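# Working through the structure, step by step
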Amino acid sequence: MALLLGIDDLPPGFDYPQEFIRVVELGLTDLEPWFILDDDDLYDRHRGLRGRYPNRVLVPFARRIDNDDVACWDADRGGRVVIVHDFASPGWEHHADVGGFYDWLRQAVEDLIEYDC
């Protein structure tokens, strides 16, 4: 699946949540302004986050098109979904603690309704 990082790139013990896999399989990957990362975008963002925030163990899965926010699972926090404002100085990147994947998805749908290009 091009929307998932390879096993060698994942933190030890991390598994993609089944609800995320189901959403991807259903093709719900473009929830403007959010979109699910794939292919090179996914790997580039993953490497970038690792380099910019070496004290965090983040697994990115989505990004906003209108700012630098990235939705990630935080492996150090039991796989909770967090929003990271990418490119912020280390220590200032944490934007929001969302909870689980479905919590993020609900908010992404709200953002879709409110978003006006």
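All values reported here derive from a predicted model rather than from experimental measurement.

Core analysis: the largest hydrophobic core is formed by 27 residues, its most contacted members being Tyr16, Phe20, Phe61, Trp73 and Trp104. Among the elements of the structure, helix 1 (18-25), strand 2 (34-36), strand 3 (58-64), strand 4 (69-74), strand 5 (80-85) and helix 3 (101-114) are those that each provide at least two residues to this core. Counting residues in hydrophobic clusters, the runner-up holds eight residues, among them Leu49, Leu58, Val82 and Val84.

Bringing unusual backbone geometry into the picture now. Across the junction of Glu32 and Pro33, the peptide omega takes the value 20 degrees, indicating a cis bond. The backbone phi angle of Asp39 is positive, close to 45 degrees, even though this residue is not glycine. With respect to the element layout, Asp39 can be found in helix 2 (residues 39-52). Asp39 sits in the partly exposed class, given a relative accessible area of 42%. Residue Phe87 is not a glycine yet carries a positive backbone phi of 75 degrees. Residue class for Phe87 comes out partly exposed when judged on its relative accessible area of 49%.

Calculation notes
Residues numbered from 1 in each chain as written. Predicted model: local features only at pLDDT ≥ 70, side-chain atom pairs only at ≥ 80, totals over all residues. Heavy atoms only, no water. Core = buried A, V, L, I, M, F, W, Y, C linked by side-chain atoms within 4.5 Å. Buried < 20%, exposed > 50% of the residue type's maximum accessible area, 1.4 Å probe, protein only. Helix = DSSP H or I, 4+ residues; strand = E, 2+ residues; numbered from the N terminus.

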